[in-house]
Amino acid sequence: MQRKQLADAIRVLAMDAVEKANSGHPGAPMGMADMGEALWRHVLRHNPGNPDWPDRDRFVLSNGHASMLLYALLHLTGYALPMSEIENFRQLGSKTPGHPEHGVTPGVEISTGPLGQGIAAAVGMALAERLLAKEFNRPGFEIVNHHCYVFLGDGCLMEGVSHEACSLAGTLGLGKLIAMYDANEISIDGKISGWFTEDVAARFEAYGWHVVRAVEGHNAEALDAAIAQARSIVDKPSLIICYTHIGCYSPKADSSKCHGAPLGAEGIAATRAVLGWNAPPFIIPQRVLKEWDCREKGRRLQAQWDVLFAEYRQTHQKLAAEFERRMRGELPLDWQALVDAAVARVAARKESIPTRVASKNMLDVLAPLMPELLGGAADLTSSVGTFHNNAKLLEKPFKEGNYVAYGVREFAMGAMMNGIALHGGFIPYGGTFLVFSDYAKNAIRLAAFMGLRVVWILTHDSIGVGEDGPTHQPVEQLSGLRLTPGVKVWRPCDAVESAVAWKIALQTHNAPSCLILSRQNLPFVERAPEQLAAIERGGYILRDCEGVPEAIVMASGSEIQLALAAAERLTARGRRVRVVSLPSTSLFEAQDEVWREHVLPHAVRARVAVEAASVDIWGSYVGLDGCVVGMRSFGESAPASILFEHFGITIDAVESALNKSLSNVSAAGGIV
């Protein structure tokens, strides 16, 4: 059987699924069908019966709108994706959503929604493979030895994140990263000659990549030769430039008309005639299915690896156990006792230090216990405290190292950390200033969407940045991160809360964590043992009053000191005021109603929240009778102490707000 006929199975599934859904992108899957056949049937090491086999090759569809290419490949090669799911393309509850989603479809390695992030995450996957191989492989036992393959299109290469990540991939010399570029020269707006004319090959060669130029993307033998050539290059990532025709063999080929719309009944009939494909929609002839089926081949490949790993386990027992633990994503067996002891030591030291320093101190303790920690920063290492005492910078030829100098590449850092987490074997963390999290926001969003354990260290957390001015003073970023579903945000008020934030972040397997940390010193706060334990709930009573409180003042981070001081003033005048620390509103909201009512009883309507950030999120906590002391504009350039006074984030302001809230409740007939 001709290989083109096998590729045609992808084409008909793509156009039929899009037609039935009356929605989707048939053009790219039809154009990349031959690329998919060349890679998935002949080169890719995968086991459809076990999508999680540790030493499988990773495949990333960076141009995720071409999802029907991947779904067709998964179905045809034998993954648990039946034809009924193909027929249910883009429908509620199906395993074939509009863009591939990790955790929804068997065999989908990553959710590639916005263009460019797939290739950037693949750089992280290739880096993880390189580092795991360095750490665990031994002579005669290459238990980590796989490639990461990426399909990407013109749109991916227009996005800035691809520039960031691919530049770094070349510098790192990630030879097992192979990208196949679907150069069809069409995007949504039409022919790209009006807006994308750069020499892509020269660009990637300048990055330090090996480039295979001008491959006929519909020629199976040419594709085979190009992939073989790329695989032979071990010291550079490779880009294979495949010239293809979008919507290949359809009446709308080489046109944006087939990019994101069904071909229509007439177009499908004409395409079937050109292909000589007579089977009805969603019916693949048995002879075609037999040629595509990779299940037995996949079983053999994994069986060979299983034998190798069994011998490895006998010869290198401790290494094997460590490898398996890390690939399962489990923390060390003695983790709980060790981390609790570390938190207790922090509490005993009673240090008044910046929380960015407290974070670094905790990393100094955690890193020797957790070799899976892979750190880095976006060119701000000395400022954000990410380089712990056991950190070693990664440099070619990768003889050692557990710290990535990402350069000024916040977005790429985020996408790469997602890829590292998805690959397995590492818990990535990265640091930058909180205000620059905007650059990486979409990567943080995808991490939350996929439920990935990545840790962001976001420092210089408020107008306390001072003289650098409003461009460097985060105001709205905290609210944005808190409002993103699944993101666990921590803004600790001292070294103790910082230590607990690290503990919970690493224990949280299914979500990214953002640690929002101060540049300036924050005073140590005394706590009883039960308060220390309560930090893990995200919100707790830090200082209470005698009897039932009349008012509650709540805060996070540096503003806890303002809340404590204002409460002390009112207490001296006979008022009963409770101070609540809310270092993590996301965790607090996840607590049961009993705990939340215990901390913030509904009957106490006089409430004030104080935070040197946008006030928006606090409205639900203070209610109609409460007040929020915070930022309602961008900052200014001046020393931090002057800025807090200028913007009215002071003890006097909090005290005044408490009095106003008490008056509001009294005027409304409430109990004060």
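Structural notes, computed from the coordinates. (Residues numbered from 1 in each chain as written. Predicted model: local features only at pLDDT ≥ 70, side-chain atom pairs only at ≥ 80, totals over all residues. Heavy atoms only, no water.)

**Re the packing of helix α5 (residues 117-136) against helix α17 (residues 410-423)**
Selection criterion: Each axis is a line fitted through C-alpha atoms, taken for helices only over the stretch in contact, and angles between the N-to-C directions span 0 to 180 degrees. By the criteria applied, helices consist of DSSP H or I runs no shorter than four residues and strands consist of E runs no shorter than two, each listed in order from the N terminus. What sets the label is the angle itself: under 35 degrees gives roughly parallel, over 145 gives roughly antiparallel, 65 to 115 gives roughly perpendicular, and the rest give oblique. Definitions for this section: a left-handed crossing has its near helix turned counterclockwise from the far helix by less than a right angle. A right-handed crossing has that turn clockwise. When checking whether two residues touch, look at their non-hydrogen atoms; a contact exists if any pair is within 4.5 Å. Polarity classes work like this: nonpolar for Ala, Val, Leu, Ile, Met, Phe, Trp, Tyr, Cys and Pro, charged for Asp, Glu, Lys and Arg, and polar for all others, with Gly in that last group.
Between α5 and α17, whose axes approach to 7 Å, the crossing angle comes to 55°. By the criterion of interaxial angle, the relationship of α5 to α17 is oblique. Once α5 is placed against α17, the crossing between them reads as right-handed. Only Phe411, Ala415, Met416, Gly419, Ile420, Leu422 and His423 of α17 make contact with α5, whose side of the interface consists of Gln117, Ala120, Ala121, Val123, Gly124, Met125, Leu127, Ala128, Glu129 and Leu132. Per-class residue counts for the contact of α5 with α17 are 12 nonpolar, 4 polar and 1 charged.

**Topic: the sheet that holds strand β20 (residues 627-631)**
Which entries qualify depends on this criterion: Any two strands with at least two DSSP-identified bridges between them are counted as paired.
Taken in spatial order, the 5 strands line up as β16-β18-β17-β19-β20 in an open sheet, and their pairing is mixed. Bordering the open sheet on either side are β16 (540-543) and β20, each of which pairs with just one other strand. Recorded for the sheet is a direction-independent mean angle of 25° between the axes of neighbouring strands. Here β16 runs beside strand β18 (residues 577-581); their pairing, made up of 3 bridges, is antiparallel. Bridging from a neighbouring strand, Tyr540 pairs with Ser581 of β18.

**Considerations on the packing of aromatic side chains**
The following threshold applies: Each pair of aromatic rings taken from Phe, Tyr and Trp, with Trp reduced to its six-membered ring, is defined by centres within 6.5 Å and is described as stacked if the planes are under 30 degrees apart, edge-to-face if over 60, and tilted in the remaining cases. Relative accessibility thresholds used throughout: buried, under 20% of the residue-type maximum; exposed, over 50%; partly exposed, between the two (1.4 Å probe, protein chains only). For a ring to carry a charge above it, either NZ of a lysine or CZ of an arginine must fall within 6 Å of the ring centroid while also lying within 35 degrees of the normal to the ring plane.
With the rule as written, the count across this model stands at 16 aromatic pairs. With a centroid separation of 5.3 Å and 80° between ring planes, the pair formed by Trp40 and Phe59 is classed as edge-to-face. Taken together, the residues span a long stretch of sequence, with Trp40 in helix α2 (residues 27-42) and Phe59 in strand β1 (residues 58-61) at a distance of 19 residues. Of the two residues examined, Trp40 and Phe59, each falls in the buried class. Here the aromatic cluster, defined as three or more aromatic residues joined through ring pairs, consists of Phe136, Phe141, Trp305, Phe309, Tyr312 and Phe323. Here the basic side chain of Arg41 rests over the ring of Trp292, its NZ or CZ set 6.0 Å away from the ring centre. It is Arg537 that lies over the ring of Trp595; its NZ or CZ is 4.1 Å from the centre.

**Digging into helix α8 (residues 200-207)**
Rules: The arc in question is the one spanned by the directions pointing from the helix axis to the C-beta atoms. Think of a polar contact as two N or O atoms within 3.5 Å of one another; within protein, one of them needs to be a possible hydrogen donor and the other a possible acceptor, and neighboring residues in sequence only count if both atoms come from side chains.
Within α8, burial applies to Val200, Ala201, Arg203, Phe204 and Tyr207. The arc that holds the buried residues of α8, viewed along the axis, is 160°, so those residues lie on one side. Summarising the contacts, the buried residues of α8 are in contact with α6 (154-158), α7 (160-172), β3 (177-183), β6 (210-216) and β7 (238-243). For α8, the N-terminal cap is Asp199; the gap from its side-chain oxygen to the backbone nitrogen of Ala201 is 3.3 Å.

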